[in-house]
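# Residue-level structure breakdown
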Amino acid sequence: MREFALSGLRSGLRGKSFQAVFILGVLMIGIAYLSGFFSPRQPQTVALDVGFSGIRFSLVLLNLFWVQELVAREIDRRVILFSLAYPVSRGAFLAGRFAAILLLSMLAAVVLGLLLLLAVVLVGGGYSQEFTLALGVPFWSAIAGFTIDAAVVAAFALCIAALSTVSVLPLALGAAFAVAGKALGATIAYLSQGADGNEELVASFNPVVDLVKWLVPDLSRLDWREWAMYQLAPAAAEVLWTVVMAVAYMVLLLVGASLLFARREFS
């Protein structure tokens, strides 16, 4: 498992996908810096909000591309046959690759987080705004939430890669899963509030949403940016159960991926 993780780290850092998406993330931090100048009263808050969205988007993309390169593409090119020739289980291969993706994701999150901190400090220009930002533990808690969010998406994509015979399917379905998970919380809130009085819409979508929320985790619960932006700390119990939900979902996906991969035949 350790060797698979180390080789995954090397491949992930050298991959062109990583370089391209990481450059995209840096550009988004630049956009966050520039966006602060459009708000004369709350420049740092606007820059931080835009930067958080950029980091969240970049981490999900990076994780999907890493699953694509380290697992799906190796299966498609039959390079994986050399890895499976070692006297180790297929589950160890997937676990090693997932560990590499987690380490790469944390590294990218730290670098992008430091760049965002620099951008937010610079955009302030000594201006004292109404809401003081919390750029310590709350800031890094938000970054950690985005990293866990991206890890859940990566675990789902890995599960798809374990059974898919189409190399781009993990990337496509992983992106769809990420969108669904992030939109689920807002959809549930909208329907629970009556959907602006549209009872017919509520009646038609409620059964679907009730089913989906048992299959797809609510990834919007991992977005804790308001703590850093407005010092509105989430409840400790809510954070704890959200993390437990995400970790449990990842474990179930990884176990499922290992079982599916163990039964797969390679020609």
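Further up the page is the structure itself.
Below, the structure is looked at part by part. (Residues numbered from 1 in each chain as written. Predicted model: local features only at pLDDT ≥ 70, side-chain atom pairs only at ≥ 80, totals over all residues. Heavy atoms only, no water.)

Check the secondary structure of the protein and you find 10 helices and zero strands. Helices and strands in the protein line up, N terminus first, as α-α-α-α-α-α-α-α-α-α. Within the protein, the proportion of its 267 residues that are buried is 45%. Across the protein, every contact between residues at least 6 apart in sequence was considered, and the portion connecting residues at least 24 apart equals 83%. Within the structure as shown, the protein displays about 13,600 Å² of accessible surface, and the carbon and sulfur contribution to it stands at 69%. (Helix = DSSP H or I, 4+ residues; strand = E, 2+ residues; numbered from the N terminus. Buried < 20%, exposed > 50% of the residue type's maximum accessible area, 1.4 Å probe, protein only. Contact = heavy atoms within 4.5 Å. Areas by Shrake-Rupley, 256 points an atom, 1.4 Å probe, with all protein chains shown as cover.)

The next subject is helix α6 (residues 137-163). With 27 residues, α6 ought to run about 39 Å at 1.5 Å a step, and its terminal C-alpha atoms sit 40 Å apart, in line with that. Among the 27 residues of α6, 22 are classified as buried, and the element is accordingly described as predominantly covered. (Expected span 1.5 Å × (residues − 1).)

Another point: the nonpolar core. Ranked by internal contacts, the top residues of the largest apolar core, which has 64 residues, are L48, F52, I55, L94, L116 and F139. Of all the secondary structure elements, the ones that give two or more residues to this core are α2 (16-35), α3 (43-76), α5 (90-124), α6, α7 (169-192), α9 (225-230) and α10 (236-262). With 17 residues, the single largest contributor to this core is α6. Setting aside residues no more than four positions away along its own chain, I55 makes contact with I29, L112, G113, L116, I143 and F146. (Core = buried A, V, L, I, M, F, W, Y, C linked by side-chain atoms within 4.5 Å.)

Moving on to the packing of aromatic side chains. Enumeration over the complete set of coordinates arrives at six aromatic pairs. Between F52 and F139, the aromatic rings sit 5.5 Å apart at their centres with planes inclined by 35°, giving tilted as the arrangement. Here F52, found in helix α3, pairs with F139, found in helix α6; they are 87 residues apart in sequence, far enough to count as distant. Relative accessible area serves as the criterion here: at 0%, F52 is assigned to the buried category. On the numbers, 5.1 Å between centres and 90° between planes, the contact of F139 with W140 is edge-to-face. Taken together, F52, F139, W140 and F146 form an aromatic cluster joined through their ring pairs. (Phe/Tyr/Trp six-rings, centres within 6.5 Å; stacked < 30°, edge-to-face > 60°.)

Each pair of packed helices can be summarised by the angle the axes make with each other and by the distance between the axes. At their nearest, the axes of α3 and α6 sit 9 Å apart, and the two run at 25° to each other. It follows from the interaxial angle that α3 and α6 lie roughly parallel. Here α3 and α6 pass one another in a crossing that is right-handed. Looking at the contact of α3 with α6 residue by residue, the class counts come to 21 nonpolar, two polar and two charged. (Axes fitted to C-alpha atoms, helices over the stretch in contact; angles between N-to-C directions. Parallel < 35°, antiparallel > 145°, perpendicular 65-115°, else oblique. Left-handed = near helix turned anticlockwise from the far one by under 90°. Nonpolar A, V, L, I, M, F, W, Y, C, P; charged D, E, K, R; others polar.)

What follows is about the packing of α6 against α10. Packing of α6 against α10 leaves a shortest axis separation of 8 Å and a crossing angle of 15°. One element, α6, and the other, α10, form an angle in the roughly parallel class. Between α6 and α10 lies a crossing whose hand is left-handed. In this structure, α6 contributes I148, A151, V152, A155, F156, L158, C159, A162 and L163 to the contact, and α10 contributes V243, A246, Y249, M250, L253, L254, G256, A257, L260 and F261. When grouped by side-chain class, the residues that make up the contact of α6 with α10 number 18 nonpolar, one polar and no charged.

A cluster of nonpolar side chains, contributed by V166, V168, L169 and L173, occupies part of the molecular surface with about 290 Å² of accessible area. Structurally, L173 can be placed in helix α7. (Patch = residues over 30% accessible without salt bridge, like charges linked within 9 Å, V, L, I, M, F, W, Y side chains within 5 Å. Salt bridge = Lys/Arg side-chain N within 4 Å of Asp/Glu carboxyl O.)

By the element assignment, Q68 lies in helix α3. Ignoring anything within four residues of it in the chain, the contact list for Q68 reads R73, S167, V168, P170 and L171.

If you walk through the whole model with that rule in mind, you get six salt bridges. Where K182 meets D149, a salt bridge forms, and the shortest distance between an N and an O atom there is 2.9 Å. With K182 in helix α7 and D149 in helix α6, this pair connects stretches of sequence that are 33 residues apart. Bridged by salt links that share partners, the residues D49, R56, D149, K182, D223 and R225 form one connected network.

In this section: the environment of V71. For V71, the position within the fold is in helix α3. Relative accessible area serves as the criterion here: at 0%, V71 is assigned to the buried category. Spatially, the C-alpha atom of V71 lies 6.8 Å from that of A161, the residues being 90 residues apart in sequence. Once residues lying within four places of it in the same chain are set aside, the contact partners of V71 are W66, L94, R97, L158 and A161.

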